[in-house]
Amino acid sequence: MSSAINRRHMLMGGLLTVGAGVGFWRQPVAARPLWTQKPLAQLAPNRFAGWAGSTEEAEMVLPSSDEREGSPYDAQLARIYRRPGAHDVLMVVAVTQRQSGSLRVHQPEVCYPAAGYRITAMREVMLDLERRVAARFLTAECEGRIEQILYWIRIGAEFATSASRAQWLIMQGALEGTIPDGMLARFSVVGADPDMALTQLMQFTTEMVGAAGPAGRSLLVMG
């Protein structure tokens, strides 16, 4: 019996050693980021199709961050676009080079309520931006201000319209031995008509992505 127990212990020890070795060799490494680390202001076109961008101060909800841990983003760009005859478009792009075990790109459904807004409507939409992009369109209200918001989140080369989908993509990358980067692209207008706002925002994002260079399109949608 003692001999059988010893053999069993040796077998279990061998399996644990192999498992540890596999775990060591499969430690996730950062995937090739789609952000080239160029300043975001150079990647998002400033003038296109009659639109002109500005970084002037405006009432804008910025992606939230945990002050105890610092900003979750490696870079962030906030810009206002104007074109005669159209509603101003508020744009926020935020990127992080590595999505660790938890989701670091914050959804507007989290940021806006934290800023005092109520989310009163939400639906998923599909955009045609060089490739098919799964996005979300939502309405947020605060003290008489109504903001119509279109956004998408890219995790690596895929898109997530929910926190659970984003977490799955992060976990899938870890299982494949990579740590994907993450990007939030958010566009909004102030106004009460959601259908008109969505039409304008879809046209705006189509024109902006079309005017962006290869590095900008890679960051936003190409994967």
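Being a predicted model, the structure only gives us computed values, none of them experimental.

About the criteria used
Residues numbered from 1 in each chain as written. Predicted model: local features only at pLDDT ≥ 70, side-chain atom pairs only at ≥ 80, totals over all residues. Heavy atoms only, no water. Phe/Tyr/Trp six-rings, centres within 6.5 Å; stacked < 30°, edge-to-face > 60°. Axes fitted to C-alpha atoms, helices over the stretch in contact; angles between N-to-C directions. Helix = DSSP H or I, 4+ residues; strand = E, 2+ residues; numbered from the N terminus. Parallel < 35°, antiparallel > 145°, perpendicular 65-115°, else oblique. Contact = heavy atoms within 4.5 Å. Nonpolar A, V, L, I, M, F, W, Y, C, P; charged D, E, K, R; others polar. Core = buried A, V, L, I, M, F, W, Y, C linked by side-chain atoms within 4.5 Å. Buried < 20%, exposed > 50% of the residue type's maximum accessible area, 1.4 Å probe, protein only. Salt bridge = Lys/Arg side-chain N within 4 Å of Asp/Glu carboxyl O.

Trainee: I'm lost on the packing of aromatic side chains in this one. Help?
Mentor: Aromatic rings considered in pairs are described by the distance between their centres and by the relative angle of their planes. The full count for this structure, using the stated rule, is 7 aromatic pairs. Counting every residue linked through ring pairs, the aromatic cluster contains Phe48, Trp51, Tyr81, Trp152, Phe187 and Phe204.

Trainee: What is the right way to look at the packing of helix α5 (residues 194–211) against helix α6 (residues 214–222) in this model?
Mentor: Two quantities define a packed helix pair, namely the angle between the helix axes and the distance between the axes. Where α5 contacts α6, the two axes come as close as 8 Å, and the packing angle between them is 140 degrees. What the angle tells us is that α5 and α6 run oblique. Contacts between α5 and α6 involve Met208, Val209 and Gly210 from the former and Arg217, Leu220 and Val221 from the latter. Per-class residue counts for the contact of α5 with α6 are 4 nonpolar, 1 polar and 1 charged.

Trainee: Explanation requested: the nonpolar core in the structure shown.
Mentor: Across soluble globular proteins, you tend to see nonpolar side chains buried next to one another. Core analysis: the largest hydrophobic core is formed by 34 residues, its most contacted members being Trp152 and Phe187. For this core, the leading source of residues is α5, giving 6 residues. Setting aside chain neighbours within four positions, we find Phe187 in contact with Val89, Leu90, Met91, Gln148, Ile149, Leu150, Trp152, Leu201, Phe204, Thr205 and Met208. Formed by 16 residues, the second largest nonpolar core is a distinct cluster that contains Tyr112, Ala140, Ile153 and Ile170.

Trainee: What is the right way to look at the pattern of salt bridges in this model?
Mentor: Opposite charge on two side chains permits pairing when their charged atoms draw close. All chains considered together, the criterion is met by 9 salt bridges. Note that Arg82 and Asp88 form a salt bridge whose closest N and O atoms lie 3.0 Å from each other. Arg82 gets classed as partly exposed once you look at its relative accessible area, which sits at 34%. Taking the relative accessible area as the measure of exposure, Asp88 reaches 32% and is therefore partly exposed. A salt bridge links Glu109 to Arg136; its shortest N-O distance comes to 2.4 Å. Taken together, the residues Glu109 in helix α3 (residues 108–114) and Arg136 in strand β7 (residues 131–142) connect sequence positions 27 residues apart.

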